Structure formats: C-alpha cells, structure tokens
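# A structural walkthrough
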Amino acid sequence: MVIVGANDVPLYEADLSAKSSTDAGGREERPQYLYHFVLHAALDAVEEAEWHSNAMHLGVVDRFNNLQVSAFTTAAHVKFLLLHDGRSDDLVKSFFRDVYEMYLRVMLNPFHTSTSKITAPLFHQKVRQLARNYFR
Amino acid sequence: MERLQIIKAELQRSHCPAVMVLAHPQVEAACNLNGLTLAELLRPFGVIRQLNGTVGVPVRTPAEHPLRLHSWRLRFYTAETMFQPAPEAADEYLRGVLSAAASEVAGSDVPDLQELLDCAARREDPPCPWYRRYRGEFLRLLQFGEHESLDHPVACVLALPADQPGDLPAAFAALWRHAALPPLMQAGVMESAGVLRHHVLVHDGASQGPEVLVAARERLRTLAGSLGSSCQLLSINTGSGQGPPPGHPPWVDLLHGCLPGGGGGEAAQRVAVPAGGLGAWLSGADLSSLAAFVQELSVRCLLPHMETRLRALNAQVTTNRKGLKNQLKSLLWRKTASADAGSGPGTSASGSGSGGGAGSGSGSGSGGGAASSLAPGSVECQMRQLSDLALLLGDYETATSTLRLLAADTKADRGFKAYAGALEALGAAAVLSGAPPSEAVSSYREALHRYSQLSQANPRNREGVRYATRAALLVSAYLRALGQYGEANTALMKAHFQEDNLRAGLLLEQAAHCLLALSPPHTRKFAFNLVLAGLRFDMSEQRELSGRAYTQVVGVYAGRQWALIEEHLSDTLGRQAREGGDATTAVRHYMDMLYCPHNNLYCQNLYLQQFMDALQQAQAQLGFPLVLPLPLPQVSCERVGLQHDGQTCYCSVDARQVEGGVWAALDSALQPTAEPQQGGSSWLEGGSRPRLADGDAGALSCCVGEAVGVDVVLHNPLHLHLHTTRLRLACTCDPQPPAGGAGERSAAGEDGGQQQQGSQQGFQVYEESVTLQAGERVTVHLRVVPLRPGTLHVHGVAWLLNGTAHGTATFRTPHPPPARRGSSARLPADTDAAPAPRSAAISLAVLPPMPRLEVSLAGLPPTLLAGEVVCCSMRLRNSGAMTLQHLTMAAPANAGIRLGSGAANGLPAAQQAAGGGAASPAAAQRSSGGVAEAEAADGNGGTSPCPPPSASVSASASASASLPPHLTQALPPPSLRRGAAVFQLPSVRLGVGQEVTLPVWYRAAHAGATHLVVAWRYEPLVRLDTLSCRTARFAQAVQALPSLHLSARLAAGLAGCALGGCLLQAQVHNCWDEGLQVAGLACHSTKWRLCQSSSLNSAGSLLVAPDASAVLHRQLVVTEGAAAGQAQHSGGAQAPAMSAGEAGLLEASRQAAAMAPAAPKHLQPPAQQQQQQQWHSPQQQQQQRHKRQQQDAEGADVVVVWQVAGRAGTPTRRGFTALHGQRLHAAPPIDVQLRGAASVAHDFEAAPLCMLPLTLLLRNTMAAPAAVCVELGRLPGEGGPVPPSLPTWQPRASPLTDGGAATPSSGSVLLAAAAALPPVRQHIWCGRTRVTLPAVAPGGVVQVPLSVAVTRPGKLSLADCHVSWHFAGQPPHVSGSCRVPAHHCTVLAAVPALP
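This report concerns the structure included in the present document. (Residues numbered from 1 in each chain as written. Chains lettered and ligands numbered in written order. Predicted model: local features only at pLDDT ≥ 70, side-chain atom pairs only at ≥ 80, totals over all residues. Heavy atoms only, no water.)

## Structural notes on the overall build of chain B
Definition in use: For helices the rule is a DSSP run of H or I covering at least 4 residues; for strands it is a run of E covering at least 2, with both sets numbered from the N terminus onward. The cut-offs for exposure are 20% and 50% of the maximum accessible area for each residue type, with area from a 1.4 Å probe on protein chains only; residues under the lower value are buried, those over the upper are exposed, and the others partly exposed. Any two residues whose heavy atoms approach within 4.5 Å at even a single point are treated as in contact. Per-residue and other accessible areas were derived by the Shrake-Rupley procedure at a 1.4 Å probe size, with only the shown protein chains allowed to occlude residues.
Assigned secondary structure in chain B consists of 31 helices and 55 strands. Across the 1395 residues of chain B, 53% fall into the buried class. If you take every contact in chain B between residues at least 6 apart in sequence, the share linking residues at least 24 apart comes to 77%. When the accessible surface of chain B is split by element, carbon and sulfur atoms take 55% of a total near 58800 Å².

What follows is the structure in structure tokens.
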C-alpha cells in the first residue's frame, strides 16, 4: 500500500503481504520493484478516474497481469493506492475508509505537514492490523 | 487523414498480385551481370502508375459492379524464394536487423521526456527508426503463409534464352517441370493449375548478336500460334557495362536482406554486385523494354486472367456455398463434418505437408494450427482464393462478403488459424474500402485474439504468436492513424505477453509511446511500459535499446522519492554501462544507489562493493582518481557551524552557547566613552564612529595564523560501518591583491590531494579521520589556518571513503544576513518558505596578524550554592603575534562578578580597616553606599572565607622579569555602564606569550543554571585601520543549587519598639541538603541601625538544619545622623566579618538591584523584560525607575551571612543572602477605639434630639509618655490635624462654622445649638469637641467620655474623630495623627405608647 502526496511523492509505503516480515536477503526483492512501478504507473489512471467520479473510493483503476490497483483519493488529492490480487471491492473500500480515518488523525498533528512522510510506528502498526482484519 | 492514407498505401503495397519468375539458368546468368536476378530486375517495373494511359482498365466484377483500375502493382519473386523462412532463422535475421538499426543510433542523443511529448503532440511517429525497419522485415518474413492465398502467385514468368535450341513449348514445359517450385506449391497448398504461365524469350545483348534476336522473334511468332498471346521477347544487357543509364529505377530500395535458407521472397545469397553497380549492363532501351514487358503482362495477360479466374471461383463458391440451400446444408451438416477431425471435405489435415518444401521449415512450426488450415481444393480454399483475388483487383465488396462467409465457416469448423486469417483479410478489406473504422478494428482484434489462442492451446506453437503480433502491428498502426492511442496501446500490450523478449520489447516501447500521445499524456504509465521494454531489451541483449529506454524514463522518476524504482534504474543503467565498458558512467549510476537506508545489510554491502569495483575500474581507465559527490556519509551542507575569530574571539566552548544579545550588551558597555569623536556631536553623525560591534555588513573575517573552524555533521544512514579518512575542508585562497594587479588563486582539498603545507598555498588545512558506525551521526570540527592576508573561500568538504572513493560535498548555505565582524554564526538551513540565494562558498577576509587574548578560569566549581562566594583566578594570556594593551573587562552588573587586584585582594575588609591599609575599591564603594551595621557571628569574625587567591602576575618565563608593578596596586573601582560593570586595566600591557592571573570573586545570586560571562576588550600595540581593537568572550557554565531562602519584614509601631525604631523579622529557610550555619544578620540602611542592647533572641551561630526554617528578630533604632542624611557605618566586634570580595559582591548586588530596570534588555531577568514590554510606555518606565530608585535608597538591605557546617579539614564555604530595598511596614503608636451602643430606640416626637453616650479608648503603645489630642466633628478635607504641641492645645469652643457644638452645659444651649445646626447633619457632637490629654503614660489606657446628639432615626456612622499625638521626650520627637475607626450605630424611632 502506498499513500502518495503532491508531486507523486510517496508519503507512506507498507508491504502488507504475509511474507513482508521475512527478510529474504539478497536481491530477492525483485517483485518489490515491479509493485512500485505498477503503483506509480497507476497514478495516471487515478487522476483520470478522479474526473469521472465524485466518490473518494475510486475502485480498481488499473491492472497489470493479475495485479489490480485500487485507489482512494482525499479532498486534498492525496491518493491511497492498494496493490492486490483481486480482493473484494467492498473490503478494499472499508479498508481505505479506516486508513483514511487514521490518516486524518496523523494530519491533526500540528507538527505534521501535508508533504511530510508518515513515519509513525503506531500508524504502520494499525495499518497492518487493518490489513490483517480485512484481507485474512 | 494523412496518416490514414499512409496506412492504406502500405496495405495496398502488400495486397498486390505476386508473380513467380522461373528463369533458365542461362537467363539468370545474363541477369546476374547486372547484380540482379530476373525477378529483381523486373521488380521496380511492377509499379504501374497509369494503366492504359489515363483511361484505365475496366474490370468486370462478379457482381457486375463497374470497376476501373488506373494504377497497379505487381510483386516479382523468384520461384524458389516464395516460402516462409523457418521461425528460428527469421528471428535470428530480425535480431540482426534490429542490432544494425540500433547501432546506427548508438551515438545519437537520447531524447528527453519533453521532446517525446512534443513529438507526440505533433502526432508524429516516435523517434524509433529501428522499429520501422524491424516491422517491415517482420511483415515481409510472414508472407507466403499457408492459411492465406494473398501471396500465392497468380502468374508465372517462364524465361528461356533467345537462342534456346529445340522445341520451345517443350523447353518451357521442361522448365516448369524441373524448376524448384515454391514448397507450398509442391505440397499442393499453393494453386498451380490456375497460375497464368507467361513465356518469355530473353535476349542477352552482351553475349548474343542481333541475329539471335531476329531469329527469336521468328520463333516467338511460331510459338504464339501454339501457346497463345502470352509469349514475349525481352532484350537486356545492351548497355556498355559501365553503369545504368540515368533515371534508373531504385533497385536498392527493393532489395531485402537474405536469410541463410532463403525465403520471404529473397534468395539465400545475393548476386555479387558488378563494378558498374546494379543494372550496369542495362541501357535505356532495355529499361523501356522491361517496362513495356511488365505493362503488356499486366494489361494483356494478367488482368484478363484474374478476371476470368475470379468469376470462375465466384461461380464455384456460389454453387457450393451460397444460397439458402447451401446455407441450410452447411448449418445442418457442418457439425458432423467438423467432428471428423478435419478429415472431411471442408477441412483437411494438410499437416506438415502444408509447410511443404525442404529447407523451408514452415510446416514444422504449424503444429496444431495445421488442422485449421485450408485444404487444397476445398470450398473454403476456393473462397479464400476468391476473396484474395478480389482484394488484389480492388473488388472489396466481393472480398468482404466472401471473407465473412469464410470466417463463419472456419469458425464453425474451429479452424481458428484460417478464421484468424480471414478476419485479418477482412480487416484489411475494411481499411482499403474505407469502411467504418470499428469494422476493421473489430476484425483485427478478433484476429489477434484467435491467433493468440493458437499458442495458448499449444505453447510450442509459436506461429500463432507471430501472426498475432502481425495483427497487433497492423491494428495499432491503424488505430494510431485514427488517433485512438489508448486502443493501440491495449492491442500492443496484449500482443507482447506471449512474444519473445525482443519483439515484446519493441511492442512495449510502441505501447509506451502511444501513452504519450494521449490527452493528457500518461507519462507515468509511459515510463513503466518503457521500463518493461528496457527489461525485455536487456534480456534479449539489446543493451543500446535498453539503455535508451531506461535513460528516457529517468526524468520521470527523478526527485519523486520512489526509492526502489530509482534503485532499479540506477542498478540497470550501471550494469549496462559497466558491461559496455563505460566504467565512469557505471560509477555514477552505482553512486546513486549508495544511499539506501531502506535496504538490508546484504544489499547495502553489495551496492557499496560494486560501486567500489566500478570505481577502481574507472580510475584504472582514466589514470587519475575520480572525485565524486558521494552520498556517503551524509554531510550537512546546508547547516554548518562556522567558528572564526575576527574582531571577536571566543575563549571557551560555553561562550558560544550564550545568547548573542548578552554579548552585544557587553560590547556596548565596553565601548570607550572617552574616545574622541571623529564626527559631529549629534546622534545622526554617531554612526560614522568606529564602533566595536560594527563591522562590514555580511563580511566574515579571521586573522592570519588563527584557525577557522567548521563544524560539519556527518551521518551514516546505512547498516554498515564507513571509514572516512582524509576528511578536510576544500578551500581556495585569494591573496591580497597588490596595487593594480589581481591576485593569484590557489586551491586545495578539491583534487583529493594531500594536506597543504607551506605558505605558498596561503592556508593550511588539517585532515581528520572518523569511522562512522551504523546509523551514527557525528559532528567533526575541521580547521583551516590562513597563512597570509587575503580572502579565504571555504567551498565544502572532501574525504576519502573506505580508502578508495574520493568524495566531496559543497556547502549550500544561504547568504548570511548582515552580521557583525568576527561573529560566530551557525548558518541556518534554507527553508522552503523563503528561498534565499545560496552561496557556493563561505568567504572570509583574512586580516594581518593580531594580538589574541586567551582567557581561562580556574577554581570555579561547576556546582555551587546560590549566594555562595567563590574566589577563583582568571588567567589572561596573549597568544597572538603582537603586544596588546588597554585591557578592559565587562560583566553583567547583576552577575555577581568582582575583579580583584594584586595585594589588596583576599583580605577581609575588617582587617584592612583595622590595619589602616588601603581599603579595597569594593569596600570603599560599600562605605559610600552606606552600609549601616553588621553583626558578627560567633567565632568567625575576622576570618577569611576562602584562602586568598594568588593575586599576582605570573608571567611566563620569558616575561617574568618584566612584572608590571601596577598590578600590585589596587584596581580602580568598577564603573557601571549600560547595565554592566566595567573594570579597566589601562596600564596593563601583555607581550607575545605573556600571561597574567587575576583573582575573581563570583557569587550566583539565584539558584539555577547560569553562566559566568565576561568580555575583555584590548587593543594592539600598533593600531591598524582594519582592526583597531578585539574582544575576547569567556563564559563558563555554573549550576547554582538552592541554599538559604530569606524573607524579611520591617515592622514599626509594635509594642516594645524604641521610639522611632522598628523590628526586623528575618525568616530563613534552608533549601539545601546539609545544615547551614547563620553567621550573622545585617541590615544596611541610612535610617536605622541595629539596637546594641536588643533584648530579642540572638541569632549567633544559629544552625539551620536541612529543610528547616528559623526566624530572626532584631530591633532597629534610628541612626543619629539620619535626619541630616548622613550614612554612618559602625563596625564592632559583633559585626559579621565580610571579606573585601564579599563586601564588593554585596555592593554589586545592591547596585544591580537598584539599576535593574535601567539595565539593557539582555541583562535583565526575563520576567521583567516582559512586564516592561507589555504594560509600560518608555515615559512610564522612566518615571517608575526614578521612583523605584528613590524608594530603594530609602529602603534597607537585609543580609544574612551563612556558611556551610563543613567537616574538619575541608575549606569553609561561605556566602550571603541579601534582600534589598526593604521598606517599613508602620503601625500608629497610639491605639484608638470608639465604643458605644449598637442600637438605640428613641421617641423623637417626645424629644427631638437623641443623646448617645460614647467612650473613646486610647492606649500608648510606645515606651515614652505621649501628649494626645482628640478632635471631634472635623469633616474630611477641612484641614490637617492641628499638632498637639502647638498653643492651640488649650480648650476652647470651636466656632459654629466648624460644625462644632458648644459645651453642653444646659438644655437651652442645646436648643440654641440645634437651631444653628446645618440641616444636613444627622448627628452633632456634644460637649467638648477638642480634648487634650497632656501625658499618656507608656502602655497606659485612657477613656474619654463623649456624647453625640442624633436628630433623626437611621443608621449612624461616626467617622469624624481624629487623634493627634506627640512624643516630646528625648529626640527624636515623634508626631503623628490618625483617624479613629468609625463606629456604627442604628437609631430607631420609638412608637409612643397609646394613652
């Protein structure tokens, strides 16, 4: 999952897959490159989908092979992107809504700006918990 | 539309009749003289611009629609080359084509993203010449497929030499029979019976004479009788062999590459090109005859033949397939037939036989698709031939209807290859006929899908993938021509999944460029697709194309902070550059990967190692070390700490922590006031005076020989250790230019070179080494010492990483704000909100050698008690290059710092006074300030609180002989100037290397962290224009612990107080952890002194335990000379012994308390600053300041001297706590109280006046008899009380205007008095309104009966009673008055009883 701010700068990145905690070492992270490329490329589709929908949840906006990219955009055009292998859109929507609430709490921090990276461990922990609740 | 026409033209070029050429070897030999075969010789003449002049040739279509051909095109192929090459050979050939095309653009610049966007906006083809070449060759090699008859020959040119002996018809038949026919024709897939055979006799003008030509004409005439009109004579090689005639056709453009096995219309090996070039033996007549030959062939033979054949095929198809009966038959019987697995008449398993020929190998790859191909002679095959012939003739209507029928049949038969082929042709027919685009697009898409299914069903069958790619290329080109770039991207992306790496890369690249043409352009997806293309190119070893693809997308991802993406790009580009031998480029790409804190240790180590390897390789290639802007370790280039000593020198680390405002205030105080003004006297001209705090705006300076330090923060973001050696500043130096000439410029540190030594460089840099642990952040102090005047530029930092990589970092500090010369500033980082211009270097003006004063302090503990007096020694040393003089020291006035002097220091003031020696300046100041009295503590009187410091000048060995005699004398008293105490040593002169030690008394008044702050000012012996004086700043952090808390109250009027005196109540609380012994209590005032014979408890040697409190009482009596304003100091055996330092500190404390509001802002407590800023204007502050100073002068200072009850052998720690400006809380010496009834009922009807009896109680609280006068009925504001000592004391009747009443002697008088009363008065005092009591005994109580008459009912407040007193005993004479507290009474109107 990636939260992308202005100028396509990622504010938060998280690998929510089950294997993310295992450190394979070496160059076993090759798919990670692909995931980031797919997510970054999906930003074009997200911006196109923003013009066609009034909702914050944009659904599946892009596909690559068997990977799907679901998007959620805020009023400030901060984009939540989730790369998955075909999860239910309702689950993804609920997941995005909960993540958005946590994101708002982060933004309430007066020392956090809209371009700051989210590095709070608690936020990361809660996102992972949400992913576990919704997708497993 | 232009692009659409191009697409149509391209399709027309590929949809034209193919003519097979079978030539006798002798004819081929004759043609080979020109470097061509017969087919190649005829190929340029296949383009017929005008058929039959401008009239054209009418064609009868099966539907009898009028059709007229105006231009036509024929494709000539040698018979043996009309087959599809093997896929492996074709791929190998195509790889070579792509490599050749890529090598041609190897040196060209890679277009950036903006150029690509501009190109896409102009609707131009992307700059990919390699793609166009590959596409053309790829489509060519896919000709002659078995499932389509578009490339099957419709005619065959049989060529025999003109001198062919024997029977010509037999010779032509033998030629057909023995020639190498196309493999598909040999297999029966390609129609041979319906091919038009055109017979040609070729006369070789180079080897045969004219007689042969004449004979050939005769034989041809005979031959035409038997073979019909399709016989011609062709004459070639009548030229000179030197070269083709001008205007020759472009053979070169029509010659394609040769494959090892041949195929695709080209032979396996090309004929050698003669010296004269292609067509060297051809003459103009030859070219004309060739053109006439092709024209004759087209118009007279081929067109009628195709027309006839088209109609015949249409008749067959109509008979067998069209009509209601045939459709029903097909509908009912086709399923059964298709269930026979292609053995039925509709479809047949031509299998490998369809591929045919030996060496062609086309059938080997057909595999499962063979079952889907068309069986020769079948209705489907005839339908395909019919549709293809219709396409070749331009009868698109017939073609479309037939192809639709064929598609339906083949789909029902599950012959997907034939079905896909039919759809592909249907798409082409739609494009050529100008049908709606959706029709063509849907046909092409379906073809793409069906071709792809062939490989999905059988992965080993790659033939379907290639045809799918062809369909994708065709439809994408058509969609791009229509402007539907998104659809084109989809088609290309769909085709690339099953393709091999090379073609997938090409398809992805084109798909990416389609995204740029969208509106708005999808640059991010373009970048992703191009990265995928680069990956495929890289996997197919096309490094040039891969590198171009990656390079083009770098700009899309740069600065977006997608770390993994940037890492992948750098890794790939670096590896490709390294494999390509460009180690320098590889180093730069690998360098970008070094900053990867998100990676694990393995990756970080790997990246660092590959960078080091590439760097070593690059350095070996270049022959010199590369200096790179290494990202490791991270250097804080935007925020560096610059330490330089220009006019101001910092002598301690703590001095840099002190707020700059403090130093500014001290510098202001150090400014000499007696300096003659060079300008005018007005404040406007004062700015022109050289001031200490001023300097060149924004200029930094330093002196020769004095180090300039830069604090640089290094950070290791990785999980591994970094060894940084040779860490140094990168500097350049501009020497002071001589008059009229520019100075040289020398540099160091940028070339990764060695430490610079010697004066020729103008400076000397010092190298440091540091090993950064994982994640460690360190601050390194780097130094450079200028060696000669000029300008020193500090550009950045240079270092050597892990012994291999030379790194450098350039400072990016914003331009510093205008600052004082010599100030130490931490240059802040630039913020986004205020983009300040950045300077590339820090420039310092290097001044000539100057004296430099080093200040150090010894004996000051880091922790002491609040109020503790500490004596320490300050060491001054001149470490500069010149003698200094005119030493002046400034310290904040409230900081508790006193500078002692030579022999006069360290001795207690009492001893000095007893011995008759010269009192210390501090003591003298204290005397003039009016220290009233001090009471000594037991046993400690006269002892020094701390050992006297070594108040002597300890010069260095070389300078010890010249001991300044003036330092043995007393220092002049400090002067208060702008909130600071200024000590001057005007006659001290320190030579180079000399030092002097001075005693310093220090006392921290309040608990908490503070600094001992001192600023020294001195001047060089030889005054320079650039720097007339310098200052040295010294500070040392001190932590003051809470000790003895003191609160005091001066109360007068209490019982037992002496006349005019008061009682001092001092409450102390020990806040420290150990016991404190109160050594004495003193009160310094100009009005009072401690009573010698006080009967209150004594505080001598009072030990206050930790967290305990005690209250001390002292009686204060009036000082004898107080009335005259004289301050007296009465010492005595009981006065606490305060050393000179303590006394000086006490005086300093008092002065600081007195002038605290007038001190500069930075020398005041923060709370006071805030209060002044918020509530008071400057005028009000000035008034309050004067008022407060006056009150403080009248107030008393309460001082408690204490010492720590230390153990034996440990030095005694002494101190004092003082409260300044305590004011008197006075009470009246005569207590007065008015008593009476609180409520009275009176019948006013019976008696108009109600008489109330009252009693006035008086008590003398003083110890002397007092004369008291009571005065009644005087309203406020009617004049002050009359002192009882005046003659008016005598009893007398008050005048009526005063409101007083007459003596109540009788009732008539009362009536008269009532008549004279003002109507507003509710009450009237009766009887005597002025009572005098001549002598009230000390402590005595006197009752005075009074009476008041009330005129009406209501509440009565009796407040108009005053008392005056006068103590007329021994001086002082005390007088005073007060108002008697009011008495309240309620008078009720009584109701008379009923009769």
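## Focus: the pattern of salt bridges
Residue and element names in this part refer to chain B. So the rule is basically this: For this document, the term salt bridge refers to a Lys or Arg side-chain nitrogen within 4 Å of an Asp or Glu carboxyl oxygen.
Tallied over the entire structure, the rule returns 46 salt bridges over all chains. Here E1147 ties to R1150 by a salt bridge, and the two come within 3.2 Å at their closest N and O atoms. Taken together, the residues span about one helical turn, with E1147 and R1150 both in helix α28 (residues 1140–1155) at a distance of three residues. On the accessibility criterion, R1150 (26% relative accessible area) is partly exposed.

## Here we look at unusual backbone geometry
All names here are of chain B. Residue P520 is reached from S519 by a cis peptide bond, and omega for that bond is -5°. The amide bond that connects L632 to the next residue, P633, takes the cis arrangement and shows omega of -15°. With respect to the helices and strands, P633 occurs in the loop between β10 (627–628) and β11 (634–635). At N802, a position not held by glycine, the phi torsion is positive, near 50°. Along the chain, N802 turns up in the loop between β21 (790–801) and β22 (805–810).

## Looking at the side chain of Q164 of chain B
Its location among the elements puts Q164 of chain B in the loop between β7 (153–161) and α7 (168–178). Not counting the four nearest positions on each side in its chain, Q164 of chain B is found in contact with H24, A171 and R219 of chain B.

## As for the packing of helix α10 (residues 284–320) of chain B against helix α13 (residues 379–393) of chain B
Residue and element names in this part refer to chain B. How we decide: For helices, the fitted line uses only the C-alpha atoms of the stretch in contact; every axis is such a line through C-alpha atoms, and the angle between N-to-C directions lies from 0 to 180 degrees. When an angle is under 35 degrees it counts as roughly parallel; over 145 it counts as roughly antiparallel; between 65 and 115 it counts as roughly perpendicular; any other value is oblique. In this scheme, a crossing is called left-handed if the near helix is turned counterclockwise away from the far one by less than a right angle; it is called right-handed if the turn is clockwise.
Running from N to C, α10 and α13 point in directions that differ by 140°, and their axes come no closer than 9 Å. One element, α10, and the other, α13, form an angle in the oblique class. The chirality of how α10 crosses α13 is left-handed. Here α10 contributes L303, M306, E307, R309, L310, L313, N314, Q316, V317 and N320 to the contact with α13, which in turn contributes V379, Q382, M383, Q385, L386, L389, A390, L392 and L393.

## Side note on the nonpolar core
All names here are of chain B. Selection rule: We define a nonpolar core as any set of buried Ala, Val, Leu, Ile, Met, Phe, Trp, Tyr and Cys residues linked to one another through side-chain atoms lying within 4.5 Å.
Core analysis: the largest hydrophobic core is formed by 230 residues, its most contacted members being Y557, F611 and F811. The contacts of F611, once residues within four sequence positions are left out, are V587, Y590, M591, L594, L628, L630 and A805. Formed by 35 residues, the second largest nonpolar core is a distinct cluster that contains L853, A981, L998 and Y1002.

## Topic: the interface of chain A and chain B
For clarity, the cut-off: The buried area of a pairing is the accessible area, by a 1.4 Å probe, that goes missing from both parts when the two are put together, added over both. Polar contacts, as counted here, are pairs of nitrogen or oxygen atoms within 3.5 Å of one another; within protein the pair requires one atom able to donate a hydrogen and one able to accept it, and residues that are adjacent in sequence qualify only if both atoms are side-chain atoms. Note on residue classes: Ala, Val, Leu, Ile, Met, Phe, Trp, Tyr, Cys and Pro are nonpolar, Asp, Glu, Lys and Arg are charged, and everything else, Gly too, is polar.
The interface is formed by 30 residues belonging to chain A together with 28 residues belonging to chain B. A buried area of about 2600 Å², summed over both sides, lies between chain A and chain B, and 59% of it is on carbon and sulfur atoms. Here D8 of chain A ties to R524 of chain B by a salt bridge, and the two come within 2.7 Å at their closest N and O atoms. Between chain A and chain B we count eleven residue pairs in polar contact (both at pLDDT 80 or more) in total. When residues of the side of chain A that touches chain B are traced back to their parent elements, those giving at least two are β1 (2–4), β2 (10–13), α1 (30–52) and β3 (57–64) of chain A. Looking at which element gives the most residues to the side of chain A that touches chain B, the answer is α1 of chain A, with 14 residues. Of the residues assigned to the side of chain A that touches chain B, the class counts are twelve nonpolar, seven polar and eleven charged.

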